[in-house]
Every structure is written in C-alpha cells, then in structure tokens.
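# A closer look at the structure
Residue strings, one per chain:
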Amino acid sequence: CRIIPNSGLLCLLNHAISVFLVSSDGGTESSALVDDNGSEEDYSYEDLCQANPRYLQPGGEQLAINELISDGSVVCAEALWDHVTMDDQELGFKAGDVIQVLEASNKDWWWGRNEDKEAWFPASFVRLRVNQEELSENSSSTQGEEQEEDADQSHHRHSESKRQMRTNVIQEIMNTEQVYIKHLKDICEGYIRQCRKHTGMFTVAQLATIFGNIEDIYKFQRKFLKDLEKQYNKEEPHLSEIGSCFLQHQEGFAIYSEYCNNHPGACAELSSLMKQSRYRHFFEACRLLQQMIDIAIDGFLLTPVQKICKYPLQLAELLKYTTQEHSDYNNIKAAYEAMKNVACLINERKRKLESIDKIARWQVSIVGWEGLDILDRSSELIHSGELTRITKQGRSQQRTFFLFDHQLVSCKKDLLRRDVLYYRGRVDMDDVELEDLEDGRDRDCNLSLKNAFKLVSKTTGEVHLFCARKQEDKARWLQACGDERRRVQEDREMGMEISENQKKLAMLNAQKAGHGKSKGYSGCPAAPPHQSLHPVHQRHVTVPTSVPQQQVFALAEPKRKPSLFWHTFNKLTPFKK
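Residues numbered from 1 in each chain as written. Predicted model: local features only at pLDDT ≥ 70, side-chain atom pairs only at ≥ 80, totals over all residues. Heavy atoms only, no water.

## So, the sheet that holds strand 3 (residues 109-114)
- The antiparallel open sheet is built from five strands, whose spatial order is 4-3-2-1-5. Lying at the two open borders of the sheet, with one neighbouring strand each, are strand 4 (117-122) and strand 5 (126-128). Across the sheet, the axes of successive neighbouring strands diverge by a mean angle of 45 degrees, strand direction being ignored.
- Across six bridges, strand 3 lies against strand 4 in antiparallel orientation. Residue asparagine 114 lies in a different strand from strand 4, and its bridge partner there is lysine 117.
- Those strands touched by helix 13 (residues 297-320) are strand 1 (75-79) and strand 5, and its axis lies near 35 degrees from that of strand 5. (Pairing = 2+ DSSP bridges. Helix = DSSP H or I, 4+ residues; strand = E, 2+ residues; numbered from the N terminus. Axes fitted to C-alpha atoms, helices over the stretch in contact; angles between N-to-C directions. Contact = heavy atoms within 4.5 Å.)

## Points about the environment of leucine 447
- With respect to the helices and strands, leucine 447 occurs in strand 12 (residues 447-449).
- By relative accessible area, leucine 447 is classed as partly exposed at 25%.
- In this structure the C-alpha to C-alpha distance between leucine 447 and isoleucine 390, which are 57 residues apart in sequence, comes to 9.7 Å.
- With residues up to four places along the chain from it excluded, the contact list for leucine 447 reads Ile390, Gly394, Gly440, Arg441 and Asp442. (Buried < 20%, exposed > 50% of the residue type's maximum accessible area, 1.4 Å probe, protein only.)

## As for helix 15 (residues 471-494)
- For helix 15, which comprises 24 residues, the first-to-last C-alpha distance of 34 Å matches the rise-based estimate of 34 Å (1.5 Å per residue) to within 8%.
- Those residues of helix 15 lying buried are Lys474, Trp477, Ala480, Cys481, Asp483, Glu484, Arg487, Val488 and Asp491. (Expected span 1.5 Å × (residues − 1).)

## Some thoughts on the packing of helix 14 (residues 329-365) against helix 16 (residues 500-514)
- Interaxial distance between helix 14 and helix 16 falls to 8 Å at its minimum, and their mutual angle equals 45 degrees. In terms of axis orientation, helix 14 runs oblique to helix 16. Considering only the axes of helix 14 and helix 16, their crossing is right-handed. In this structure, helix 14 uses Leu353, Ile356, Asp357, Ala360, Arg361, Gln363 and Val364 to contact helix 16, whose residues at the interface are Gln502, Ala506, Met507, Ala510 and Gln511. (Parallel < 35°, antiparallel > 145°, perpendicular 65-115°, else oblique. Left-handed = near helix turned anticlockwise from the far one by under 90°.)

If you want it as structure tokens, here you go:
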C-alpha cells in the first residue's frame, strides 16, 4: 500500500481496513483485474499520473485553468447539459453553448461569461475546450499581418496549425479514455468488490441500485479502448483513424441508457446510506485502499453519465480540425452523428421512464379502470381534452379523452366532484384511420355536425364520431392524431422499448403511493426550500453551495419538444405533474 503522508489519513486507513476490508479468513485479494484475454490492465496509477497529470491530480484542472487565465489567455468551455436557473447570480445556458471561464478558484462553481452576462455556473456541467489557443491566435492576428504574409506561407501555417489542433483532440480522446478506464476499474475493484464482501451492510438490491450496470460498462469500454489504440498513430497522432471504432461500437454504447436512467435512484440510495457514519467511513476506506483520487463515491458514479455526453463534443471538435481530404473524415462525420443519436436515444429513454411513472399514477386515480394497464401498450401522453362523442343511436356524450401512443382513453367526469374521472373505454389507434369531416349534414349518421372528425376501424369498420367545441380545438386533435402516428413510427425505428420490469415497477410504486388515499386526493410533496448561500471573499456575490443534479442528459437537439399537456391533468384528474 502506498504511504500516505498525512498521519490522520493513515490512521483512518489502517482502522478502516481492520474493521471493514479484511476478508473473513484473514487473506487478501489481488487488486489486479484480469481482462478477457487473461492479461492484466496496462495502466497503473503512477503511469497515468505521469502521462496525464492534469486529468488525475485533484485540483489539477483548476490549477491549469487559473494559470492560463492569469497569463491573459482566453479559456473557453462547452456546456454538456442545460443549466436552467432563476437566480440572477447564476449563469444559465443550453447544451453546446460556449462559456468563457474567468475564474476557477472554487472546485464546484466557476465564474464565467456567456454573451453579455457574468455569473457563477456549475463546473461539472461543462467540458473545457482542448484547443484554447485557437481563439487567442485568431484574435491577435491583424488584417495587416495577413496581407503581408505570402499566400503559400499562410496556407502552410494554416495546415500545420490544423494538424496540431487535430493532434490535440486525438490525444485528449486517448488520454481521457485511459483515465476513464482507471476510474471504472477503481469503482469495480475499490467499491463493488469490497461491498460484496460485507453482506451485513449491503443487500444485493442495494448494490444493484447504487452501481447499476457499471461492470458491464467497464467490460465494454475496455474492448472499445483496445480497438481505439489499434487505430492510434503514436508517431503522428494527426494521422490516426479512430472514426471506425465509434461506428463499430455504436450499438454497444446503448448500454449507457440503463445506467443513466438508474443514476437518480443511485444518488438517492447513496444519500440515504451516507447519513450513517459507518457507511461514510467504509467508502472512504475503500477509496484510500484502492489509492483513488480525492473524489467522493458519488463523483465517481457520475463519470459514466459525463462520459457519454462528452463523446459528441469531442467528435465535433475533431471533425472541425479534420480536412475533407483526410482518410478519416467520412468516418469521423458518421461517428459524430452516431454518437449524437446515442445521446438522443438515452435522453429519450430517460424521458420515457419519467413519463411512465406519471402515467401509472394517472391510471391509479381513474375510478373503475378495466382491462390491461395503460403501460402495457403506451408510454407517453400526447394530447388531452374534452370532446362530444356521437353514439350509433345519435346520442351526444360529453367525455374527456386522453390520447396516448397506440390508444385513446375515454373518461367521464363525476357530476359533483369534477376532479374525479370514471373509465369509459378506449380506442386502438393502431387499428383505425383518421377522417376529417366538413361541417354540415353527415350522410352516415344523418346528423348535422360541426367541428367533427371520426376514427374508422380497419378491421370491423366501426366508426367513432367526435365533435369539438371550436374549430381550433378540432385542429389540435387532428394534429395530435398525426403526431401519435409519427411518434409510434419513430419509436419503432429507434428501437424505443420500456422493459416489462420497469412498467411493473412503475405501476407498483403508483399503487403504493395511492394506497389509503381517497379518489381525487393528490399527495404531492412540497417543493424544497431554497438553500442558504455562503459568501465568498473574492466577489460581492455568493457561490451556490452545491452543484445541481443533472436531471436530463441532453446533448443534441431533442427530436421532440416536451409535452405541454401534462398540466391539464391538474384540472382534469387528481394527478399532478
């Protein structure tokens, strides 16, 4: 074990090892993890520290940033996620925005400029640009100097600069990949292995919640890194052709979807355990024994989420410095689009999972539900509102309809309690065709209709006739029915599926939450109070005390805008968002 200079840490380590980490038979276990071919990992902690000191040393990135800023350099970072804030002292931005970093003295919150505003922003939400010198070089060169340069010399200098820029990005991809593998190895060997030895402290379910499928991610990333190294040109990095590696493994990256979806639950479980001192000491002992960098376990568990979000940004920068004549240009361009799609798919699956929880709670609130659960076929509410249904006998029935993917659910409001809904049936949207009807007398039902449309069964010919109150209401329903068909097709093309276990869990949680409550009651938790902020002497503003949790891991432009119709449940049912 490496000698730790701080005597207090040494005491803590020795005590923790003796209490927690020694196996029951008194033996020790090798920390080397054997790969698929039987050989040990090639990267030791010392090797990585020498090769990538800025990446591994605690505070190294901050130190490098402050050195650049103090030298007068312009330091820019790209946003990994949206940062939405109502606080004037915080900087809001969208994924992909460029922020100029003005100060990085605080490890969690940096001071930066975005457009015309300066404010604090969470450091974990951004990725530093590799080629920081590009902006300063471009801004320092004057028009007069460009005119004095010979055209051939200028072209030569530009080519050399672009090769160097590409080299920088390639090296960052390789270095960060090696460091990432080290972090994954530390999690699997330093935390999971030790946790499994202590069955009295952790159940199998707890470990599955905390660590998810990170061991599968570790196996996948090791294979990916091996293929990446085969394509890496050590002598001339700018000639490396790594695009094919991303294309070869693009389907494998979908493994991150499960981990990202599980991450909020992992944070909640870990937070609960950390309230007890023995768990805090245990995880710290694991970290010290594995000689891991000074980051808490929740920081290590966030790295896969951050990693999958960084790939499109890295590839976008690599594409920028790859000429069209380069042999890897087409593969890099395709890899960039592929990784954007991976990030989009992960984000969409996360949104779907959040949606099914709401849908399950909605179904539990409906009185007299019949037939299959709504989640058996649907995972998203597309539109809702009131329509008049015309029966076969020509009678009018006022109903509230909810259009989900694959089905349209009909409900009736309680006469006394208008926030209570009774189930009245559903229509299979996969089996019907939409027909717009003109105002006037309809020949089939011999009735005068206004703002009407109908759904006709393809198999039985049964007609479902509806009338809206206003023309604009009818237009919204026609648009929503078209959107429903397109979304079903998109889900099919993207392979968007929610597992049966996730559906069952959502229904079980909804039933537990609704147990003992009368219909029409909604027990929505109150919003947490705003945290008090402590002052920092460097500025006349305050630094937020904690980094906000990433709730949506979005990089690319989402294919769909978030639904605007969930708020209507507040009026129509006891369900609240």
